[in-house]
Amino acid sequence: MSRLKVGLGVLVALLMTAAIGALSQVPYRAESGGQAWIRLSWRVSAPRIEECRTFTAEELAKLPVHMRRDKVCETTGIPYRLRIVLNGEGVEETLIRRTGTRGDRPIYVYRELRVPSGTHRLEITLEPEVGVEPLSGDAPVALELAEDLDLSDGDVALITRSEDGRLVVRRAEP
Amino acid sequence: MRGLAAKLRSVSWSLISRADRFMNRLYSSRFNPLYHSGALVFLLLIVLLITGLYLLIFYRIGEPHASVARITDQAWLGRWIRSLHRYGSDAAVFAVAIHAFRLFAQGRSWGPRTLAWLSGLVLLFVLLVSGWTGYVMVWDVQAQLLAVEGARWLDVLPIFSEPLGRAFVGEQAIPSAFFFLNLFLHVALPVGMFVILWIHVSRIARPGLLPPRGLLWGSLGLLLALSVLWPIGMDPAADAFRIPERAALDIFYAFWLPATRFMPAGAVWVFGLSLTAVALAAPLWTRPAPEGKAEPSSVDARLCTGCEQCYLDCPYEAITMKQRTDGRDGVYAVVDPALCVSCGICAASCAPMGIGPPGMTGRDQLERVKEFVRLLQPDPSEVVLVGCARGAAGFETLAAQEGNGGEPPAHTPGTFDGSRIFQVPCAGNVHTSVIEYLVRAGVGGVLVVACHPRDCWSREGPRWLEERMYHDREAELKERVDRSRLRVFHASVGEDRELAVAVADFRESVRQLAAAKAEAEIDIDLECEVPELLEAGS
Ligand code: HEM
Ligand code: SF4
Ligand code: SF4
């Protein structure tokens, strides 16, 4: 009986230790095969603009008399319009504005498109919103990219800006 | 809410006590690892500190993956030291989980233990975050998954001007400041844990920080063997241009990853914060209703002689000695009710019976035992059990087994295998005069049923009981009490079979004593007249 107990004790200790070993390195399949990702990640400067609008009658009524004006103006960055077309189909069209409580942060694009591996036609444009004139300083940039991407299983292609500011595709080094 | 909490607690208690019983059978209560889960974590933290120092010498923030790979290539030292560091941290999470679950199940999570509970949660959090930073240090596929996931969570907070996730997409090389900060956290957090641990046990007298030697060397030996026989290998380095398809995941630290990756980051925050709030609020929702709560101990200064024994024995450092102000010389004991867990241990420390929670003082016990004896009508061939409420002979236990919701059976004194039970809240609360009273009243024997020493809910009850009964600790059991009529048996909840054997054995011994006594009382003069007996005796 006592020998059996010792044997069982050793066995349980070994099993618990082995369980620690096994649970420490569980094979995990994070993503299914057969896919590729296209990542968009870059930053652009957004020259300052002043956006003004007139008060509505209702808003004016709420304001104290000495604060009543025709319009209210806010300084922010120029908004950009991002268009993504994948294999001829529009995937996204968004107006991107500066973030931050005072609209003082830069504009960045950070997206991930998951596609089946294979060849994909990708067209991207990022343009300043028409009809808004910057106050002064830098001119807004306009970026575009149109490429056929040949993506193998598990590939990630990164669309970002090159040193000279154009949109380029970066891939794993062969 | 309270009902639900009580239900959850009783299910957890039943689980833990079954596991305890199994482990006691295998390893004896002294080496039961479940009883020493907190101490095992401390031991493992020391192992992590030592092995971590070695790894730190070779780790390079400029080439994280390559430097860890080089360590792993050192077949003699690096490989198993790295593995021991890894397995040790895994075992630490496992042990913390058991430690916390056990204290929850025993209802030791509220009142004066709130500080330990809350600091324990901080320790757990810091341990998990330290593990996270440790995995990021390796910068393999798992590290990439963890870093990207962490960045995703942080990016929903309106803190950063740009998404942190962009750091990991390969637009630029990952700044070495990132690996430096990560390494800094990986060193600073665990060091900080020792400070938090100091707070964690600050309200406890003589915290058991290390497990007994057999368990200490046994567990270290096993982890070392695991490290040598099954060393941790290297996964491919993180690569921003490859989908992180497969990784070897450490379940102890990244158990949440497979679930959270498919949840919106906002939902992860809501879920995580809710869970944290529930755990942090446990001292509120696990505390008993006011009517079920024991009052803290208090001192009758007139009786206190200033011997300091209660001050020495209190497992929660709730007693201080203060200068007397009533015209008498010397000091007297004062209890801080905010620190007192109402265990009643001080009541048994006090020979003049001047201290204890209401209803648990030596005087209260004597009154109760008188009534107990009056109802009992002592039988010199029968034993009486003095049982801890939480142990195998506790009413709470017996009643729970009878589905009585933990309420003591009204008016009928409990019995175990035909022996009557005098119940106390903790074996360390039994005043030795109660034991003496029972023996003098003519019971055959007194079997004190305590929990296993490391399983005591009041931490040190069985230890002081033993010292007072057999080693003359102050408020000791007087020498005149016949020790052959006394026994202490350790049996926690569920160990009924073991207790039944002990009771039967003691009963047998008591019956032999009774028979011997009866024989000794036979009229010697009458017997001496029988010549054969005289001859046989010569
Ligand atoms: C790194 C993690 C931890 C370590 C090293 C640790 C270690 C310890 C030690 C050594 C004790 C003293 C045990 C004794 O001598 O009686 C203790 C007590 C305690 N621990 Fe922990 N612990 C940790 C985490 C936790 C967690 C996560 C919780 C719960 C959320 C917790 C709750 C408690 C409580 C409530 C006590 C007091 C028990 C009592 O007073 O009766 N601990 N811990
Ligand atoms: S054990 Fe009793 S007599 Fe001694 S200090 Fe405490 S209360 Fe006073
Ligand atoms: S009841 Fe327990 S915790 Fe309270 S003072 Fe007495 S020994 Fe200390």
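Only a predicted model underlies this, so the values are computations on that prediction, with no experimental measurement involved.

Asks: Help me understand the side chain of R507(B) in this model?
Replies: All names here are of chain B. Its location among the elements puts R507 in helix α19 (residues 496-520). Residue class for R507 comes out buried when judged on its relative accessible area of 13%. Leaving out residues up to four positions away in the same chain, R507 has contacts with S381, E382, V383, F416, D417, G418 and S419.

Asks: What is the right way to look at the interface of chain B and chain A in this model?
Replies: By a frequent convention, interface size equals the accessible area lost on bringing the separate parts together. Contacts between the two partners involve 42 residues from chain B and, on the opposite side, 45 residues from chain A. Of the roughly 3,900 Å² buried between chain B and chain A on both sides combined, carbon and sulfur atoms contribute 61%. Three residues stand out in chain B for area buried against chain A, namely F241(B), I243(B) and E245(B), and they jointly supply 18% of the buried area on that side. For the interface between chain B and chain A, the tally reads four salt bridges.

Asks: How do you make sense of the site of ligand 1 when you look at a structure like this?
Replies: Residue and element names in this part refer to chain B. Taken together, 25 residues surround ligand 1, and among them H99, R108, H200, Y316 and R459 come closest. In the model, a nitrogen atom of ligand 1 is placed 2.7 Å from a nitrogen or oxygen of the H200 side chain. R459 has a polar side-chain atom sitting 2.7 Å from an oxygen atom of ligand 1. Of all the secondary-structure elements, those providing two or more residues to the shell around ligand 1 are α2 (37-58), α4 (78-105), α5 (114-138) and α7 (176-200). No other element matches α5, which puts six residues into the shell around ligand 1. Residues of the shell around ligand 1, tallied by class, amount to 17 nonpolar, five polar and three charged.

Asks: I keep staring at the environment of V47(B) and nothing clicks. Help me out?
Replies: All names here are of chain B. As for its placement among the helices and strands, V47 is situated in helix α2. For the pair V47 and H471, spaced 424 residues apart in the sequence, the C-alpha separation amounts to 36 Å. Those residues within four positions of V47 in sequence are excluded, and the remaining contacts are L84 and L220.

Asks: What is the right way to look at the packing of α2(B) against α7(B) in this model?
Replies: Two quantities define a packed helix pair, namely the angle between the helix axes and the distance between the axes. All names here are of chain B. Taken N-terminus to C-terminus, the directions of α2 and α7 make an angle of 150°; their axes are 12 Å apart at the nearest point. One finds that α2 runs roughly antiparallel with respect to α7. Crossing hand, α2 versus α7: left-handed. Contact residues: α2 offers F42, L45, I46, L49 and L56, while α7 offers L183, V187, M193, F194 and L197. Here the residues of the contact of α2 with α7 sort into ten nonpolar, no polar and no charged.

Asks: Just checking my understanding: could you explain the site of ligand 2 for this structure?
Replies: Neighbouring ligand 2 are C304(B), T305(B), G306(B), C307(B), E308(B), C310(B), M321(B), A333(B), S349(B), C350(B), P352(B) and I355(B). Tallied by class, residues from the shell around ligand 2 come to eight nonpolar, three polar and one charged.

Asks: Help me understand the domain arrangement of chain B in this model?
Replies: All names here are of chain B. What the domain assignment lists for chain B is domain 1 (32-285) and domain 2 (356-517). Counting residues at the interface gives eleven residues for domain 1 and eleven residues for domain 2. Note on domain 1 versus domain 2: buried area summed over both sides is about 960 Å², and carbon and sulfur give 42% of it. The largest share of the area that domain 1 buries against domain 2 comes from Y35, Q106 and R206, three residues that together contribute 54% of it. Linking domain 1 with domain 2 are two salt bridges. Salt-bridge contacts for R206 lead to E460; the nearest nitrogen and oxygen are separated by 2.8 Å. Put simply, domain 1 and domain 2 have seven residue pairs in polar contact (both at pLDDT 80 or more) between them. When grouped by side-chain class, the residues that make up the side of domain 1 that touches domain 2 number four nonpolar, three polar and four charged.

Asks: What am I meant to see in the coordination of the iron atom of ligand 1 here?
Replies: Tetrahedral metal sites with four donors have an ideal angle of 109.5 degrees; octahedral sites with six donors have ideal angles of 90 or 180 degrees. Residue and element names in this part refer to chain B. Around the iron atom of ligand 1, the protein supplies H99 (NE2) and H200 (NE2) as donor atoms, at distances of 1.9 to 2.0 Å. In this structure, the iron atom of ligand 1 is coordinated by six donor atoms arranged in octahedral fashion, with angles at the metal of 86 to 180°. Taken together, the positions of H99 in helix α4 and H200 in helix α7 put the pair 101 residues apart, joining distant regions of the chain. Using a relative accessible area of 24% as the deciding quantity, one classes H99 as partly exposed.

Asks: Sorry if this is basic, but what is going on with the packing of aromatic side chains here?
Replies: How two aromatic rings sit relative to each other is given by the distance of their centres and the angle of their planes. Residue and element names in this part refer to chain B. According to the stated counting rule, one finds 14 aromatic pairs over all chains in the structure shown. Between F42 and F194 the ring centres are 6.1 Å apart and the planes differ by 70°, which places this aromatic pair in the edge-to-face class. Taken together, the residues F42 in helix α2 and F194 in helix α7 connect sequence positions 152 residues apart. A relative accessible area of 15% means that F42 is categorised as buried. Each ring, one from F178 and one from F179, has its centre 5.1 Å from the other, and the planes form 75°; the classification is edge-to-face. Residue class for F178 comes out partly exposed when judged on its relative accessible area of 24%. Among the aromatic residues, ring-to-ring pairing joins W139, F168, F178 and F179 into one connected group.

The rules behind each value
Residues numbered from 1 in each chain as written. Chains lettered and ligands numbered in written order. Predicted model: local features only at pLDDT ≥ 70, side-chain atom pairs only at ≥ 80, totals over all residues. Heavy atoms only, no water. Helix = DSSP H or I, 4+ residues; strand = E, 2+ residues; numbered from the N terminus. Buried < 20%, exposed > 50% of the residue type's maximum accessible area, 1.4 Å probe, protein only. Contact = heavy atoms within 4.5 Å. Buried area = accessible area lost by both parts, 1.4 Å probe. Salt bridge = Lys/Arg side-chain N within 4 Å of Asp/Glu carboxyl O. Near = heavy atom within 4 Å. Polar contact = N/O pair within 3.5 Å; in protein donor to acceptor, adjacent residues only side chain to side chain. Nonpolar A, V, L, I, M, F, W, Y, C, P; charged D, E, K, R; others polar. Axes fitted to C-alpha atoms, helices over the stretch in contact; angles between N-to-C directions. Parallel < 35°, antiparallel > 145°, perpendicular 65-115°, else oblique. Left-handed = near helix turned anticlockwise from the far one by under 90°. Domains from an automatic or database assignment. Donors = N, O, S within 2.8 Å, 3.2 Å for Na, K, Ca; no water. Tetrahedral: all angles 85-135°; square planar, octahedral: opposite > 155°, others 65-115°. Phe/Tyr/Trp six-rings, centres within 6.5 Å; stacked < 30°, edge-to-face > 60°.

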